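# Architecture at a glance
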Amino acid sequence: MSTTMKVKKGDLVQILTGKDRGKRGRVIEARPAERRVIVENLNVAKRHTKPRPIRDSSRMGGAQIVPGGILEKPAPISVSNVMVVCPVCGNATRVGHVVREVKGEMLRVRVCKREGCGQEIDR
């Protein structure tokens, strides 16, 4: 399986399935080897943690403790469950590639595949 994805870090994406269906957010991290992305403040998982002492904190007075409790952090979501949002037309779209010449160099550019749009996603 290929390790390239059409979704990159910093892209605005829309969730297609699951508890956050229809919501939009920015990609914080892309994991091509796992075919997963982490979207900011979406697909949030809760983790229950115990309070723990910090190592080597005895130098500066008493023992310091990392507080415990319920921590919320975004969990990875499959790249097949998100769609890139076009910055021009504002709709969730499939991503195509076009080879364009920019300053004498041939570059592959991601484009919107919506009818009537076709604008560049990469700016």
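Here, every reference points to the structure presented above.
### Some words on the nonpolar core
- Residues Val7, Val13, Val37, Val39 and Val82 are the most contacted members of the largest nonpolar core, which totals 14 residues.
- Sorting the residues of this core by element identifies strand 1 (12-15), strand 3 (36-39) and strand 9 (82-85) as the ones contributing at least two each.
- Excluding its chain neighbours within four sequence positions, the residues that come into contact with Val13 are Val7, Lys23, Arg24, Gly25, Val27, Val39, Val82, Met83, Val84 and Val85.

### Points about unusual backbone geometry
- One non-glycine residue, Arg35, lies in positive phi territory at about 60°.
- Secondary-structure assignment places Arg35 in the loop between strand 2 (24-31) and strand 3.
- The class for Arg35 is partly exposed, based on a relative accessible area of 28%.
- For Asn41, which is not glycine, the phi torsion reads 60° and is therefore positive.
- Within the fold, Asn41 resides in the loop between strand 3 and strand 4 (44-49).

### Some thoughts on the pairing of strand 1
- In terms of strand pairing, strand 1 meets strand 2 through three bridges, oriented antiparallel. Each residue of the ladder has a partner; that of Gln14, found in strand 2, is Arg24.
- Across three bridges, the pairing between strand 1 and strand 9 is antiparallel. Paired with Val13 across the bridge in strand 9 is Val84.

### Some words on the environment of Val99
- Inspection of the secondary structure puts Val99 in strand 11 (residues 95-102).
- With sequence-adjacent residues up to four places away left out, Val99 is seen in contact with Met106, Leu107 and Arg108.

### Regarding the pattern of salt bridges
- With the rule as written, the count across this model stands at seven salt bridges.
- Between Arg110 and Asp122 there is a salt bridge, with the nearest N and O atoms lying 2.9 Å from each other. Taken together, the residues span a long stretch of sequence, with Arg110 in strand 12 (residues 105-112) and Asp122 in the segment after strand 12 at a distance of twelve residues.
- For Arg110, a relative accessible area of 3% puts it in the buried group.
- Overall, Asp122 belongs to the partly exposed group, its relative accessible area being 22%.
- Where salt bridges share partners, they join Asp11, Arg110 and Asp122 into one cluster.

### Let's talk about the sheet that holds strand 1
- With respect to topology, six strands assemble into an open sheet ordered 8-3-2-1-9-10, the strand pairing being antiparallel. Among the strands making up the open sheet, the edge pair consists of strand 8 (77-78) and strand 10 (92-93).

### Focus: the state of the cysteines
- Going through the model one piece at a time under the given rule, you end up with zero disulfides.
- Not part of a disulfide, Cys89 finds its nearest cysteine sulfur in Cys86, a span of 3.6 Å.
- No disulfide involves Cys117; its nearest neighbouring cysteine sulfur is the one of Cys112, lying 3.7 Å away.
- By relative accessible area, Cys117 is classed as buried at 17%.

The rules behind the values
Residues numbered from 1 in each chain as written. Predicted model: local features only at pLDDT ≥ 70, side-chain atom pairs only at ≥ 80, totals over all residues. Heavy atoms only, no water. Core = buried A, V, L, I, M, F, W, Y, C linked by side-chain atoms within 4.5 Å. Buried < 20%, exposed > 50% of the residue type's maximum accessible area, 1.4 Å probe, protein only. Helix = DSSP H or I, 4+ residues; strand = E, 2+ residues; numbered from the N terminus. Contact = heavy atoms within 4.5 Å. Pairing = 2+ DSSP bridges. Salt bridge = Lys/Arg side-chain N within 4 Å of Asp/Glu carboxyl O. Disulfide = S-S within 2.5 Å.

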